[in-house]
Amino acid sequence: MNNTWEDISWETTEPKEWLVEYLARSGQEVTHHITALYGTSVDNIQTLLMNELRRTYAGVGEIEVTIIRMEEVDHEAQALVFSGSFTP
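Residues numbered from 1 in each chain as written. Predicted model: local features only at pLDDT ≥ 70, side-chain atom pairs only at ≥ 80, totals over all residues. Heavy atoms only, no water.

1. Observations concerning the nonpolar core
Next, step 1: Grouped together as the largest cluster of nonpolar side chains are 9 residues: Trp18, Val20, Tyr22, Ala24, Leu37, Ile45, Leu49, Leu53 and Tyr57.
Next, step 2: Elements with a contribution of two residues or more to this core: β1 (16–26) and α1 (42–56).
Next, step 3: The element best represented in this core is β1, accounting for 4 residues.
Next, step 4: In contact with Tyr57, not counting residues within four places along its chain, are Ala24, Thr31, His33 and Ile63. (Core = buried A, V, L, I, M, F, W, Y, C linked by side-chain atoms within 4.5 Å. Buried < 20%, exposed > 50% of the residue type's maximum accessible area, 1.4 Å probe, protein only. Helix = DSSP H or I, 4+ residues; strand = E, 2+ residues; numbered from the N terminus. Contact = heavy atoms within 4.5 Å.)

Below you can see the structure in the form of structure tokens.
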């Protein structure tokens, strides 16, 4: 039996924009971060976030990271959400 177009699973490896919001605690200091990363999957984004943390906190012994939000950015904005909120 041949597969039809509907039967084929098309996986895209094109990088997508992700928003990651997290808290980083180093000693008594807590810093709130929001960053945009471009990756192909959640695993890829986690790796990119680790690289960013290593660059940002180079030389710091230990940090505790709490991820608040990690989500793919939706580029299809809904105009009704902003209706009346502001004017250009």
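2. A word on the sheet that holds strand β2 (residues 29–39)
Next, step 1: The strand order across the open sheet built from 3 strands is β2-β1-β3, with neighbouring strands paired in antiparallel fashion. Because the sheet does not close on itself, it has two edges, and the strands there are β2 and β3 (64–72). Shown here is a sheet whose adjacent strand axes are inclined to one another by a mean of 15°, direction ignored.
Next, step 2: Both β1 and β2 contribute to a ladder of 11 bridges, which runs antiparallel. Considered in β2, the bridge of Ala24 is made with Thr31.
Next, step 3: Packing against the sheet, α1 makes contact with β1, β2 and β3, and its axis sits at approximately 135° to β2. (Pairing = 2+ DSSP bridges. Axes fitted to C-alpha atoms, helices over the stretch in contact; angles between N-to-C directions.)

3. Points about the side chain of Glu52
Next, step 1: Relative to the elements of secondary structure, Glu52 occurs in helix α1.
Next, step 2: We note that Glu52 is buried and unpaired, the nearest opposite charge coming from Arg55 at a distance of 4.7 Å.
Next, step 3: When near neighbours in sequence (up to four residues on either side) are disregarded, Glu52 contacts Tyr22, Thr35 and Leu37. (Lys, Arg positive; Asp, Glu negative; His and termini not counted. Salt bridge = Lys/Arg side-chain N within 4 Å of Asp/Glu carboxyl O.)

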